[in-house]
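A look at the structure
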Amino acid sequence: METNGVLGCVNISKETRDEIAEDFSCQEREPIHIKGKGIMISYLVTGPKHTLGGSPPLPETAISSASGDSPALGFPLVDALSLTRGDLVPGIVSLMVAAGALDALKIDTCLLERFARHVDAQHDDRVPYHNMCHVYNVVQMLCVFLGWPEVRAKLEPLEVAAVLIAGLCHDLGHVGLTNDFLKEIQAPAAKRFPTSTNERLHFQNLETLLSASETDILSELSESDRARLLDTVAECIGATDMARHGTLLQKWRRWAEMGVDWRDRSNRNFLASLLMKCADIGNEARGPQAAQFWVARLYAEFRNQIDIERALGMKESPSAKLVEADLYQSQLYWCEKVTIPLFKLLAALAPCTGIDSLLDNLDETRKFWKLQASRRKVF
Ligand SMILES: [Zn+2]
């Protein structure tokens, strides 16, 4: 039945729909012909009906302590949790404007805002982690990086714009399902993109948005600039696939040791991708409180997927193993082996006080996970 599916969605039978109807929204499809079964009604799982697993609420209910301030001023670290839902798109737009996106793309705020609203429309608030709050946080942290002269001076204006567009679109159309899951159910997207399924799908969604004149934020660029910018965006989005993390880190470390030539575009693309990855997994650099909140959301998203896996009688996925493992030990490992080495690589390439303060935050978070893990052992 999966061969008749829609990219990025889970296609199920009526029986399965009935089983999971309480927890998941499903959309009826046109009757289709299934080989060996005849005409059948099938359904698409369009997302969880509500947030499962005791996950914290979305920011609609958060106290808006910072919404009156411009998030762009000097690019201080601001978490989406301090904003209301309605602040997210204007916040992203004002950050991108302050970071120089309009001049580089030769467009006005109106077009950028329209584009950002279309991106927003492709994110579902019922997806606990990969939603517009996460997108805001990623763009916000990218702007923090780009606010440091040591980073900014190494990139050309078009590359800065590419990094910002990558941040805004890097999870475009994410439905809260992992690449492993999409592969396991043989989703159409996984057939089209056997590796980095989600990431390639997000980039494809961006290309679709750009193909409509009303949302083509690259319309004023020459063919060659457009192609170069998209090349950098594709590299940045592709780098967010965690399955590639080990290989990329090894490759980047080798480049950094050999000495980076900033006149070389491939080296600048490497910095752009590193910024993207740091921003994407940078919640721990916001300190222990934010780190806890976002981990809870990520696990809630994993649990949603596990519920679908169980309903479909699938074998246990890596996400299920992670959720069952000791949360604090897993996070301690993640912090020490993944996040901190990545930020240290950035610090080696662009030493500055800004990155030092984020490394301090990361160390605070690491200590917090370690303390919680040791308490867990005692009891
Ligand atoms: Zn992301």
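Residues numbered from 1 in each chain as written. Predicted model: local features only at pLDDT ≥ 70, side-chain atom pairs only at ≥ 80, totals over all residues.

The subject of this paragraph is the overall build of the chain. Of regular secondary structure, the chain possesses 17 helices and five strands. Buried positions account for 41% of the 379 residues belonging to the chain. Put simply, of all contacts in the chain between residues at least 6 apart along the chain, 73% involve residues at least 24 apart. (Helix = DSSP H or I, 4+ residues; strand = E, 2+ residues; numbered from the N terminus. Buried ≥ 20, exposed ≤ 12 C-beta atoms within 10 Å, placed from the backbone. Contact = placed C-beta atoms within 7 Å.)

As a further point, take helix 13 (residues 265-280). Between its first and last C-alpha atoms helix 13 spans 22 Å; for 16 residues at 1.5 Å apiece the expected length is 22 Å, and the two agree. Among the 16 residues in helix 13, 12 count as buried, and that is most of the element. Within helix 13, burial applies to Asn-269, Phe-270, Leu-271, Ala-272, Ser-273, Leu-274, Leu-275, Met-276, Lys-277, Cys-278, Ala-279 and Asp-280. Against helix 5 (132-146), helix 7 (157-169), helix 11 (223-239), helix 12 (245-258) and helix 16 (327-349) lie the buried residues of helix 13. (Expected span 1.5 Å × (residues − 1).)

A word on the UniProt feature "binding site: Zn(2+) 1" (unreviewed entry) in the chain. With numbering aligned to this structure, UniProt lists the feature "binding site: Zn(2+) 1" (unreviewed entry) at His-134, His-170, Asp-171 and Asp-280. Maximum C-alpha separation among the annotated residues is 10.4 Å over a sequence range of 147 residues, consistent with a single clustered spot. Residue His-170 is classed as buried on the basis of its C-beta count, with 29 C-beta atoms lying within 10 Å. Those residues within four positions of His-170 in sequence are excluded, and the remaining contacts are Val-138, His-202, Cys-236, Ile-237, Thr-240, Met-276 and Asp-280. Structurally, Asp-171 can be placed in the loop between helix 7 and helix 8 (179-184). (UniProt positions renumbered as here; feature names shortened; annotations may be inferred.)

Axis separation between helix 5 and helix 7 bottoms out at 8 Å; the angle between their running directions is 160 degrees. In terms of their interaxial angle, helix 5 and helix 7 are classed as roughly antiparallel. The two elements helix 5 and helix 7 cross, and the hand of that crossing is right-handed. Contacts between helix 5 and helix 7 involve Val-135, Val-138, Val-139, Leu-142 and Leu-146 from the first element and Val-160, Val-163, Leu-164, Gly-167 and Leu-168 from the second. (Axes fitted to C-alpha atoms, helices over the stretch in contact; angles between N-to-C directions. Parallel < 35°, antiparallel > 145°, perpendicular 65-115°, else oblique. Left-handed = near helix turned anticlockwise from the far one by under 90°.)

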